[in-house]
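Secondary and tertiary structure notes
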Amino acid sequence: TGALSLQITDGPVETAEHVYIQFSGLELQGEGQRTTLYYCEDPADSTKTVVSGSACTTPPAPKRLDLLALSGGQADILLDSFVLPSGHYSWIRLMVDTAGMRDSYIVMMGGAENELTIPSGDQTGLKLNRGFDVPAGGSADFTIDFDLRKSVHMVGMGDYKLRPTLRMVDNTMVGAISGMVDASLVPDGCTPAVYVFAGSGVTPDDIDGIAPGPVSTASVKLDSNDGKYKYKAAFLEAGSYTVAYTCDAAADDPTVDQALTFTGTTTVSVTAKTTTPHSF
């Protein structure tokens, strides 16, 4: 056996205050066997959730997360050193609850709540086809990046669908880029963000499903402690990245090819377990 730790993080979206997703468990496809894990009520404390390798004998206790609270390098735990058969796993599926309005939903700016539907979410969940290994007598530690900027689609008035864009990275092999943005680059009406593209010398583009698309995006937020605008793009695999700043983040509709204005485009090198500074 080996131990698997799994956490989830988020790429932000500017049009919402909260995005709640409720997970009932996970499925993992190993070599010749499938493992299903369930979130159940802790028999010793009904306010807590435990992970079970069999159907819950206590009431189910789904894990509902506000993904918008998990940006800028923040993450929440899905599995904490859970013991599994060692070996290779070909995919992992997050089982999502979308049956009720209060299971998975989005709270827009101003407080309006809308149901968030996930195509085939109840039947198939959110599947990542990235293979990984759990070493015998050892441990594996991964993060799933759930990029909301790419994933939330408005298909009608008050009708929002989640077409998830997920990537999974090995936490021992990732780093981050962080820094400040000069206040002069954040005028009134600006929705600031930093877009991160894999490779050096990339011409930045919007999110439209056509290459080049950003690996990750990071919101720029005002730090109330020192009055400076800051960002952090985290969980990036070691390598070279092109970073660019835009004021047009709220206008980036993933279903439409749009001409966003980018400035300060440059190449930054990321090293594992290191935060590389870069400011605009």
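Above this note sits the structure.
The subject of this paragraph is the pattern of salt bridges. Enumeration over the complete set of coordinates arrives at 5 salt bridges. Residue Arg93 is joined to Glu27 by a salt bridge in which the shortest nitrogen-to-oxygen separation is 2.7 Å. Remark: Glu27 occurs in strand 2 (residues 16-29) and Arg93 occurs in strand 8 (residues 91-97); sequence separation between them is 66 residues. Grouping residues by exposure puts Arg93 and Glu27 together as buried. The residue Lys230 makes a salt bridge to Asp226 at a minimum N-O spacing of 2.8 Å. Residue class for Lys230 comes out partly exposed when judged on its relative accessible area of 30%. On the basis of relative accessibility, which here comes to 38%, the residue Asp226 falls in the partly exposed class. Three or more residues joined by partner-sharing salt bridges are found here, namely Asp223, Asp226 and Lys230.

Taken as a whole, this structure holds 7 aromatic pairs when the rule is applied. Geometrically, the ring pair formed by Tyr89 and Phe132 is stacked, given 5.5 Å between the ring centres and 10° between the ring planes. In this pair, Tyr89 sits in strand 7 (residues 87-89) while Phe132 sits in strand 12 (residues 132-134), placing the two residues 43 residues apart along the sequence. Across the pair, Phe132 and Tyr89 agree in class, each one buried. Three or more aromatic residues joined by ring pairs form one cluster here, namely Tyr89, Phe132 and Phe142.

Another aspect to go through is the state of the cysteines. Enumeration over the complete set of coordinates arrives at 2 disulfides. Two residues, Cys40 and Cys56, share a disulfide whose sulfurs are 1.9 Å apart. Since a negative S-S torsion denotes a left-handed disulfide, the Cys40-Cys56 link at about -85° is left-handed. Residue Cys40 is located in strand 3 (residues 34-42), and its partner Cys56 is located in the loop between strand 4 (45-52) and strand 5 (63-66); the two are separated by 16 residues in the primary sequence. Accessibility expressed as a relative area gives 2% for Cys40, which makes it buried. On the basis of relative accessible area, Cys56 is assigned to the partly exposed category, the value being 25%. A sulfur-sulfur distance of 2.0 Å marks the disulfide that ties Cys190 to Cys247.

With that settled, the discussion passes to the sheet that holds strand 16 (residues 166-170). Within a sheet, neighbouring strands are paired by backbone hydrogen bonds and run either parallel or antiparallel to one another. The strand order 6-1-13-16 describes an open sheet built from 4 strands, whose pairing is mixed. For this open sheet the edge positions go to strand 6 (76-84) and strand 16, each flanked by a neighbour on one side alone. In this sheet, adjacent strand axes meet at a mean angle of 20° when their direction is disregarded. Relative to strand 13 (residues 139-147), strand 1 (residues 2-11) runs parallel, the two being bridged by 9 bridges. When the sheet's bridge partners are listed, Asp10 is paired in strand 13 with Phe146.

Rules behind the numbers
- Residues numbered from 1 in each chain as written.
- Predicted model: local features only at pLDDT ≥ 70, side-chain atom pairs only at ≥ 80, totals over all residues.
- Heavy atoms only, no water.
- Salt bridge = Lys/Arg side-chain N within 4 Å of Asp/Glu carboxyl O.
- Helix = DSSP H or I, 4+ residues; strand = E, 2+ residues; numbered from the N terminus.
- Buried < 20%, exposed > 50% of the residue type's maximum accessible area, 1.4 Å probe, protein only.
- Phe/Tyr/Trp six-rings, centres within 6.5 Å; stacked < 30°, edge-to-face > 60°.
- Disulfide = S-S within 2.5 Å.
- Pairing = 2+ DSSP bridges.
- Axes fitted to C-alpha atoms, helices over the stretch in contact; angles between N-to-C directions.

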